[in-house]
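# Structural overview
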Amino acid sequence: MDPARDAPYGLIAAGALVLEGERIAWAGPEAALPDRFAPLVAEDLGGRLVTPGLIDPHTHLIFGGDRAAEFELRLNGASYEEVARRGGGILSTVRATRAADLDQLVASALPRLDALIAEGLTTVEIKSGYGLDRDTELRLLRAARRIAELRPVRVLTSFLGAHALPPDYAGRADAYLDEVCIPTLRAAQAEGLVDAVDGFCETIAFSPAQIARVFDAACALGLPVKLHAEQLSNLGGAALAARYGALSADHIEYLDPAGVTAMAAAGTVATLLPGAFYTLRETRVPPIAALRAQGVPMALATDCNPGTSPLTSLLLTLNMGCTLFRLTPEEALAGITRHAARALGLQDSGVIAPGMRADLAIWDVATPAELAYRIGFNPLHKRLFGGRT
């Protein structure tokens, strides 16, 4: 699949690939295969579809405990306020995460990661943000690095210290940034644990001015930024992120036209998270038509987390992106391949072309649309990570 081609999906019928180590050496129609590759031993894939390996550009994959009881409470009629009074919400995850050691965090995250890998995932972003203190935030990032050693997958980390306020800093957000978040970011960068910096810009989290302080610290360390923006209201977070040249603005259900224009000008990717939209029973849909009209790339992600998107399937995410947000199947597939790579700042993944990583998924399907069409069915035939199964 080559996005430069005019065919839908960039599809190359009767195509061929040549791999050299971890990279793609050549891709195109089999009839045009250069003579120099003729002596190579070929593997017949039986006409199966080959796509780039799938990329999940927004997850909170590592955390302690779960919030199934909270889910049940909400379904039985409890309000968010009642759930919070009973000890639920993000702070319940913070308590469980702080109580877990590194090995426990890794062990609990691996089954979630394995579910994604089983569907063709080759790259995943993992955020911190459930520690909200120095030691636990660093432990989460170390756990993400450990996971990359235990599974054949590329892991990129995002520091999300500006996720929520711990109880001991209630009403003192700026003090939390000064005393915990920004110093922990600097410590994490010094240890080589951070690939990007994220934040939650919302009335229940941090203001645009406070996020700007975090982004200033990130820029001083040479780190790219991204942002949870416009999920519950419009604070102008996406436009702020765009001013900092952010890789992506994520959620964006309440994104306004000015935010779309700012993202288009900055080249900031819109990362859509239908799992959270579904779980929270939201009704405000991201401005898909406006994003299309201004050429803003749209990525898709699971937003895997214990509270608002306990989702570990990119294939279901594809379907949700189409059914809930009205993406086309072609847009959805681009959202978990080439646009997802762009949302992570990756230049060597997400498309099938010479020089790119040989991260590939091979599918037992007749058409690419089948990947978004089926619900609860996994047609993966084989997954290659760096040219290896």
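Keep in mind it's a predicted model, so treat the numbers as computed, not measured.

### A look at the overall build of the protein chain
- Secondary structure summary: the protein chain contains 15 helices and 13 strands in total.
- Each of the three principal axes of the protein chain carries a C-alpha extent, and together these read 70 × 45 × 45 Å.
- Of all 389 residues assigned to the protein chain, the portion counted as buried reaches 56%.
- In the protein chain, once contacts between residues fewer than 6 apart in sequence are set aside, the share between residues at least 24 apart is 71%.
- Put simply, the protein chain shows about 15900 Å² of open surface, and 53% of that area lies on carbon and sulfur atoms.

### So, the sheet that holds strand 3 (residues 49-52)
- In spatial order, the strands read 3-12-13; together these three strands make up an open sheet with antiparallel pairing. Here the strands that pair on one side only, and so sit at the sheet edges, are strand 3 and strand 13 (380-384). Looking at each pair of strands side by side, their axes are set apart by 20° on average, direction ignored.
- Strand direction decides the pairing type here: strand 12 (residues 360-363) and strand 13, joined by four bridges, are antiparallel.

### Topic: the sheet that holds strand 5 (residues 121-127)
- Read from one edge to the other, the open sheet built from eight strands follows the order 4-5-6-7-8-9-10-11, with strand pairing classed as parallel. Strands with a single pairing partner mark the edges of an open sheet, and in this sheet they are strand 4 (54-56) and strand 11 (298-300). With direction set aside, neighbouring strand axes in the sheet form an average angle of 25°.
- For strand 5 and strand 6 (residues 154-162), the ladder comprises five bridges, and the chain directions are parallel. Looking at the pairing, Lys 127 lines up with Ser 158 of strand 6.

Reading guide: rules and limits
Residues numbered from 1 in each chain as written. Predicted model: local features only at pLDDT ≥ 70, side-chain atom pairs only at ≥ 80, totals over all residues. Heavy atoms only, no water. Helix = DSSP H or I, 4+ residues; strand = E, 2+ residues; numbered from the N terminus. Buried < 20%, exposed > 50% of the residue type's maximum accessible area, 1.4 Å probe, protein only. Contact = heavy atoms within 4.5 Å. Areas by Shrake-Rupley, 256 points an atom, 1.4 Å probe, with all protein chains shown as cover. Pairing = 2+ DSSP bridges. Axes fitted to C-alpha atoms, helices over the stretch in contact; angles between N-to-C directions.

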